[in-house]
Structures are given as structure tokens and as C-alpha cells.
Amino acid sequence: MNKKTDICQQLEKQIKELQDGNEGLKSKYLRALADYQNLEKRVISQREETAKYAAEKIIKELLAVLDTLKKADQHLNDSGLRLGVGDFLRVLIENGVKKIEVLHKKFDPNFMECVEIVENDKEDEVIEEIRAGYTLWDKIIRVAQVKVGKKKTQVKN
Amino acid sequence: MSKIIGIDLGTTNSCVAVMEGGSPKVIHSAEGRNVIPSVVDPVKRVVGDVAKRQIVINPKSTIFSIKRLVGRKYSDKSVQHDLKLLPYAIKSGRDNMAVVEVAGKTYTPQEISAMVLQKIKADAESYLGEKVTEAVITVPAYFDDSQRQATKQAGEIAGLTVKRILNEPTAAALAYGLEKKHAHTVAVYDLGGGTFDISVLELGEGVYEVKATNGDTHLGGDDFDKKILDYLADEFKKENGVDLRKDPQALQRLRDAAEKAKIELSSSLEAEINLPFITQGKEGPLHLVTKLTRSKLESIVGDLIDSTIAPVEACLKDAKLTKDKIDEIVKVGGMTRMPKVIEVVEKFFGKEPNRSVNPDEVVAVGAAVQAGVLTGEVRDVVLLDVTPLTLGVETLGGVMTPLITRNTTVPTSKAEIFSTAADNQTSVEINVLQGERPMAADNKSLGRFILDGIPPAPRGMPQVEVTFDIDANGILNVSAKDKATGKSQSIKITGSTGLSKDEIEKMTKEAEAHASEDSDKKEKIETRNKADNMIYVAEKSLKDAGDKVSAEIKKEVEEKISALRGILESGTKEDLEVKTKDLSDSMQKIGQAMYQNQQASSPKPAGEKPTGDDKNGEDKKKNNVKKEEVQEGEVVS
């Protein structure tokens, strides 16, 4: 009789151990599964993001070329070149690039970098755009470089 | 538990990293950069890149290099020196401590640093998606108690409990895990944006102690940029008589170009500097078009690099060590990417510096490692094994067909269907291979077994599913199952991942060394397999066609078959390709003959590979249309 209870107790203990072990494994399994699913979601969203901004590096490099073409356009005043620059811009726009409008706006360091101060009554206003800034979709890929107005007294200060 | 972040609060730039899944990860700023300029406008409360962009408008209210003032008295020699260099107002505050004055209000350096830390905290929180309240912050090894206290206060003002103030060189050593390699003495060479530090560390009780430090508080990347800029401007002046430094707009472009060229010359030998329409000359616009070679750059900045050696020597002397006693060298700071800097350091110590971690990030990474040790996260990592080498089976012609490629995380399993190579083949041998070489014989055979009892059928018909399964313990189970009969056989291979490191390295190296000859060999065998298959299909077609094709065509095809068979073992890849094409062309005549014969029933495709059949069918149709031409062509050949 005693022996039987012993075996029963032992078995019960074993069952308990197995149940506990099983619980632990189940929770680990679910955790791993959840980790995996989260990873999958992140991979999908990252892939979309990557695709959207894949061209960022080359576009940034092309912007420097665009700067040169625009400068040449200003100096040469050639109608063919002007068409070319227009085409170039159109392709960029179609691919999500947008120029940041800065002229005569209040200086905002989030979108612009001040490279020079000019004496002007228009305090804190963008007087001249030196290098255009651009966004790609909703991300700033290059800030504009601008000249900002300051009243005379303040320049001395 | 919330994360502890590791912060490198630098003079020019700051950087933040955190432990994630057991490895340190650098957190990018909201602007998408790995570092944040240590620049603050305390009035407008803007920090980093944004503050830097308005420095020209607000030179007196934009504070940078605040680290030079932190925890120092106004009367300090160094403060008195910096006073002349920094454009903002520095005053003497409570207890004679140095403070800055902006728009009539005074700020302690702690408050300014706190604004940088707040930005770092916010960026880290948005990345992690949870509140961050604790940090490890690094300081230069020479910082005294007052400077360390001030740094700690800056953290507290920003809402961060500073769990530890860590020496920058120690952090750099931690980032490389040098304490685990038991590197006894370490030299840390830190050439940053505005300062140069050299430190010697010694390992004691598992912790690095700083034995000596030295350096130059006013030597860094900015000085290099200035030298390059001056060189370019001088050259331009010589040629065009215009000083670009006098034109702020041109100066800005030149400054950007100089920095860009410096960075480019770290990876290439020559950089092109192209600044069209840089300024207006007497006869129209002027362009700056020039090339800068790496050797020219090195001669321009050579004296700057050489000037770092004297402090290194002094530091070693203080540490009472000779340079041959240094076990490891760690380089920190963006300037240490420059090949000449690496060369000079290497020549001095006679040892290659550690360089795998990004030198801009290495201190922050080390701080994150320290933070990970504090949270116990470094211990918590579950390491999943990967298969170090590719596993596969041998297929027709002794080719290794991979099933599980190297670096796959285990447990994993993969199954693929194979078939027989000959008619009425009743057994297949599965040879389990490990290695990166395309030919079976060059790889290691882990074991082989035979699956028999496959019902007799034309080749390519039976479907044998081979499954590779590796469990979490690295035990490989390979089974083969005949789909028709359900008969299966399997083998268990233990220790398939248990190769020694040397073995793995050797096998991988061999694969790289033999890559091109191996792929030639494999291509040849594949060509031969294709030829062999073509012979098989041709013979079968002849048999199927029976007397529906003329003896003439039959003879032609048979001749071509024997020609191809004759060179099957000996011919070159090109010969095989030509003869295979010959045979394939002749075979089309069989097809034509079949179509011309109105009574002919359609050929029986059963038993042949479906793909092969489809293609033949297509060819036949095509040929039917241009019958005359093709036949003429055939006669000529």
C-alpha cells in the first residue's frame, strides 16, 4: 500500500515537473514566434522604406550636378541648356524630389543653413538663396544655403 | 527593465549607442546621422545640426566646444586660452567657475551639455519606443573630479541617472572586447575633430586602469581641413589672381569641397575637386578644377600628423613603458581613417592598430557595452548556432548540389526532389557532402546510404525526395524517400557543425582559391550531362518514330548520336556544345517527318522530362513553317 502511494506521489511530481516544463517551453515558443512575426513586420516596413529612399544617395550626388547646370544656365543664357535643366528637374520631381521654397521666408534652421549675413531691413528674412535645398518624399536630403538679413545695428553687435 | 544608453559626449560631436540582442547598436539622430554635433543655441533651445546651421546668424548665442569649459574655473589657464578662440561670451560665475553668457542670461556648461544630452535622450527614446532614464557617459581620461562631477550633473539636468562615468579610452578598449582577449597594455590613439588624446591603459582585475595620458587639446580634423583649404585657395590665387577666402560664398563651397576631398582620399588615391562658377573674374566666370592626390594631401598635413608623436612618446614615458610593451592599439576619431595616420601609428608601435569598429562610434559603442554589463544584458544572450559550411548531395557527374547553404541559422530543414540518371535504375546513392567547392570530390563526405527498391522506370521519372534536417544541437538527419512507393532510408550525422575553426577556415579558403577552375569543371560536367541527355532523348525519339521517318533521316541522326557519344568523355566543353546542337538540329527532322505523316499519332511524351518535351514541341512547330530553308541548310552542313 505504502509503495503504491509512493509511486503515485512520484508520478504526480513528475507530471507537475513536466507541466511546468511544458509551460516554460510554450511561453518560450510563443515568444520566439512573436519575435519572428515582429521581425517579419519590421522587415516589410523597412523594405518599403528602403525602396522609397533607395535613390537618395544618387539623387544627392545628382543635385551637385544640377547646381552646376543651373549656374551654367545663369551665365550662358542658352535656350537648349535651359530645356535640359528643365528636363532634369522634371525627372527629379517625378521621383519625389521637391525644392524647399526659402526666398523671402523667415530663416528656419530646420530647412536652411545661413552662410552669410547681409545688412537689410528685413530682419531674419532670407534675402538670397545660394544653394537650393531639397526634400525626397518627406525627408530633407539637403538643406538650403541662404543669405539672411540683419538690421545694421545688429550686424555691428 | 528599461535600457541604459551609452553616450560619448564629445567636444565636436556626440554619439549614442545601446545594447540590442546582445550586440551594441548606434542610434541615429532624428536627422538620420550617427553623430550629433555638440552645438547648442540655449535661447532658442535648438541642438545639433539645426543649431550648427544658424551659427553664422547667431555667433554669440550658438555655443560649441562647451566641453572645453566644463567643470573648470574661469582663471584656469586653458579657459583663458580658449576665451580668445571662442566667439561667445565666457564669464566667471559662482565659485569662480566658467560660465557662458547668452542674451544677458548666464548658463553653466552643465546646462549647455544637458541640452545636448536631452536631444540624445529624445532620439534614443524615439528609436527604442520606451522611456530612457539611465546612462553611461564617457569623459576624457585626464578629466579631474570637478569635471567628472559636472558631467554627471549635466546628465541629471537632462533627466538621466548617470550609472557610471567611464573613461573614453577604456570605452574604446571595451568596444573591441580587449579585456576578454587579456590584452595587458593598450594604447588608445584618439584624433578627433578638435582634440588629440593618447592614453595607455593597463588591465588589472578585469578592469582597465589609465596609466598615463597626454595629447594636444587644440589639434584635430578641423586643422587638417583648414590646411587643405589654404592650399587650394593659394593655388587658385596663383593661377587666377583671386583670393577665394575673401568671398564668403566661394569660401563656403571651398570648405565643403576640402572636407569632401579629405574623406575621399582616405579610400582613393586621387580626388577631383570641381567647383564650376566659383567666382567672377575679369573675363567672365572662373572655375576651380583641380586634382588632389593622396601623396599631395599627406605632404600638406604631414607636420600635423608628425606632431602627434611627441605626446605619444611622453605618454609612454609617464607610463614607464617602452613601445614594444604595448599589446594592442586602438584608434578613435574620424581622422584616424586617414591612411597616413594609420601608417605613422603603425610605424611607431611596429604593430597594426585595431580598426574594425567605426572610429566615430567606438567610444559610444564601448559605453553601451559597459551599460550592458550593468544591466546584465550581456549575459542574457541566447546564442543560436549557424552551419559553418554548405551541406548538399552528390548528383550526376560528381557535382555537389547544395541544400543548406553556409551561415544558415539552425534548427532548419530543407527538402528537394531528385531523380534517376539511367533507365530502369532501381536504387540511388545519397552521398552527404559538406563544403564550398562545386565538385563533390573536393568536399568532405559526411556519410552515404542507398535507397533501393525504386520501381523500374525511364530515367528522370522516379521522384526521390531528399530532406536535410539540422536540429538545435547541430545533428544532421538526411532522409531519402521514393514518392511512388513511399519507401525511405535515412542517416543521422552528429557533429556536422562540429568542425574545428581551422578546418572551416581551410575549407572556405580553398573554395575561394579554386573558385574559377571549379566553376569551369562544373560547367563542363553540366554540358556533358546535357549532351548525354540529348543522346538519350534522340535514341528514344528514333525508337518511338519507328518507320515513320525515312532511313535517310534515321541514318543522319544515328551518325550524329555516335559522333556525340564518341566525344562524351574526351571532348572539350565547346566541342560538346557544338555536337549537341548538331544532334538537336537533326532531331528536328524527325519531328517534321512525324508531322508530315498524316496518319501519325502524336508522340508519347510520357516518361520524358516534361521540360524537354515542351521545347521539342515548340521547335517542331517552328520548323514546320520554314521547312524548305531548314532542310537546305541541313544538307549543306
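Everything numeric here is computed off the predicted structure, so don't read it as measured data. (Residues numbered from 1 in each chain as written. Chains lettered and ligands numbered in written order. Predicted model: local features only at pLDDT ≥ 70, side-chain atom pairs only at ≥ 80, totals over all residues.)

All right, on to the overall build of chain A then. Regarding its fold elements, chain A presents four helices and six strands. Listing every helix and strand of chain A by position from the N terminus yields α-α-α-β-β-β-β-β-β-α. A burial count over chain A gives 13% of its 157 residues as buried. Excluding contacts between residues fewer than 6 apart, the proportion of contacts in chain A whose partners are at least 24 apart in sequence is 57%. (Helix = DSSP H or I, 4+ residues; strand = E, 2+ residues; numbered from the N terminus. Buried ≥ 20, exposed ≤ 12 C-beta atoms within 10 Å, placed from the backbone. Contact = placed C-beta atoms within 7 Å.)

When you go through chain B residue by residue, the secondary structure sums to 17 helices and 26 strands. Put simply, chain B has 637 residues, and 37% of those count as buried. Taking all contacts inside chain B whose residues are at least 6 apart in sequence as the whole, residues at least 24 apart take part in 65%.

All names here are of chain A. Pairing of strand β4 (residues 133-136) with strand β5 (residues 139-142), which is carried by three bridges, proceeds in the antiparallel orientation. Paired with Thr135 across the two strands is Ile140, which belongs to β5. Where β4 folds back onto β5 in an antiparallel hairpin, the turn is made up of two residues, including Trp137, whose phi is positive at roughly 50°. (Pairing = 2+ DSSP bridges.)

Residue and element names in this part refer to chain A. Pairing is antiparallel in the open sheet, where three strands are placed in the order β1-β4-β5. The open sheet is flanked by β1 (97-100) and β5, the only strands paired with a single partner. Direction aside, neighbouring strands of the sheet carry axes that sit 40° apart on average. Strands β1, β4 and β5 of the sheet are contacted by helix α2 (residues 56-76), whose axis makes an angle of about 45° with β5. (Axes fitted to C-alpha atoms, helices over the stretch in contact; angles between N-to-C directions.)

All names here are of chain B. Sheet architecture is open: four strands sit in the order β21-β24-β25-β26, paired in antiparallel fashion. Looking along the sheet, the strands with just one partner apiece sit at the ends: β21 (412-418) and β26 (488-493). Between one strand and the next, the sheet's axes are offset by a mean angle of 15°, whatever the strand orientation. Where strand β24 (residues 464-470) and strand β25 (residues 476-482) come together, seven bridges link them in antiparallel fashion. From the neighbouring strand, Asp469 faces β25, where its bridge partner is Asn477.

Each partner contributes residues to the interface: chain B has 13 residues there, and chain A has 17 residues. If you list the elements that add at least two residues to the side of chain B that touches chain A, you get α1 (49-53), α7 (248-264) and β16 (270-281) of chain B. Considering only residue class, the side of chain B that touches chain A consists of nine nonpolar, three polar and one charged. (Nonpolar A, V, L, I, M, F, W, Y, C, P; charged D, E, K, R; others polar.)

Turning to the packing of helix α6 (residues 221-240) of chain B against helix α8 (residues 294-306) of chain B, a few remarks are in order. Residues and elements named next belong to chain B. Packing of α6 against α8 leaves a shortest axis separation of 10 Å and a crossing angle of 135°. Taken as axis vectors, α6 and α8 run oblique relative to one another. When the axes of α6 and α8 are compared, the crossing they make is right-handed. Along its contact with α6, which presents Asp223, Phe224, Lys227, Ile228 and Tyr231, the element α8 presents Leu297, Ile300, Val301 and Leu304. Tallied by class, the residues present in the contact of α6 with α8 amount to seven nonpolar, no polar and two charged. (Parallel < 35°, antiparallel > 145°, perpendicular 65-115°, else oblique. Left-handed = near helix turned anticlockwise from the far one by under 90°.)

Within the element layout of this structure, Leu66 of chain A appears in helix α2. The sequence separation of Leu66 of chain A and Val85 of chain A amounts to 19 residues, and the corresponding C-alpha distance is 7.4 Å.

What follows covers helix α11 (residues 362-375) of chain B. Residues and elements named next belong to chain B. Between its terminal C-alpha atoms α11 stretches 20 Å, which fits the 20 Å expected from 14 residues at 1.5 Å a residue. With 11 of its 14 residues buried, α11 lies for the most part within the structure. Buried within α11 we find Val362, Val363, Ala364, Val365, Gly366, Ala367, Ala368, Val369, Gln370, Ala371 and Gly372. Of the residues one or two after α11, Gly376 is the one with positive phi, at around 80°. (Expected span 1.5 Å × (residues − 1).)

Once that is clear, we can look at unusual backbone geometry. All names here are of chain A. Although it is not a glycine, Asn77 adopts a positive phi angle of roughly 55°. Examined against the element boundaries, Asn77 turns out to sit in the loop between α2 and α3 (79-94). Of note in this structure, His104 is not a glycine but carries a positive phi near 65°. Mapped onto the secondary structure, His104 falls in the loop between β1 and β2 (112-119).

Next up on the list: the nonpolar core. All names here are of chain B. In this structure, Ile5, Ile7, Ala173, Ala367 and Ala368 are the most contacted members of the largest nonpolar core, which totals 107 residues. Counting residues per element, this core draws most heavily on α11, at eight residues. In this structure, Leu391, Val410, Leu433 and Val464 belong to the second largest nonpolar core, which totals 19 residues. (Core = buried A, V, L, I, M, F, W, Y, C linked by C-beta atoms within 7 Å.)

Residue and element names in this part refer to chain B. Where α6 meets α7, the closest approach of the two axes is 9 Å, and the angle between their N-to-C directions is 115°. For the crossing formed where α6 meets α7, the hand is right-handed. Together, Phe224, Asp225, Ile228, Leu229, Leu232 and Ala233 of α6 and Leu254, Arg255, Ala258, Glu259, Ala261 and Lys262 of α7 make up the contact between the two elements. Broken down by class, the residue content of the contact of α6 with α7 amounts to eight nonpolar, no polar and four charged.

For the rest of this paragraph, the subject is the confidence of the model for chain B. Residues and elements named next belong to chain B. Here chain B averages 85 in pLDDT, while 90% of its residues score no lower than 70. Contacts from residues 600-637, a stretch scored under 50 in pLDDT, to residues over four places away or in other chains number 29 contacts. Overall fold confidence for the complex sits at a pTM of 0.68, while the interface term, ipTM, reaches 0.71. (pLDDT = per-residue confidence, 0-100.)

Looking now at the pairing of strand β8 (residues 89-92) of chain B. For β8 of chain B and strand β9 (residues 98-102) of chain B, the ladder comprises four bridges, and the chain directions are antiparallel. Directly across from Ala89 of chain B, in β9 of chain B, lies its bridge partner Glu101 of chain B.

All right, on to the environment of Arg406 of chain B then. Residues and elements named next belong to chain B. Assignment of secondary structure puts Arg406 in the loop between β20 (399-404) and β21. Judged by the 18 C-beta atoms lying within 10 Å of it, Arg406 falls in the partly exposed class. Sequence spacing of Arg406 and Pro388 is 18 residues, and the spatial spacing of their C-alpha atoms is 5.4 Å. Residue contacts for Arg406: discarding those within four places in its chain leaves Thr387, Pro388, Leu389, Thr390 and Glu436.

Turning our attention to the environment of Thr395 of chain B. With respect to the helices and strands, Thr395 of chain B occurs in strand β19 (residues 391-395). Beyond its immediate stretch of four places on either side in the chain, Thr395 of chain B contacts Thr401 and Phe418 of chain B.

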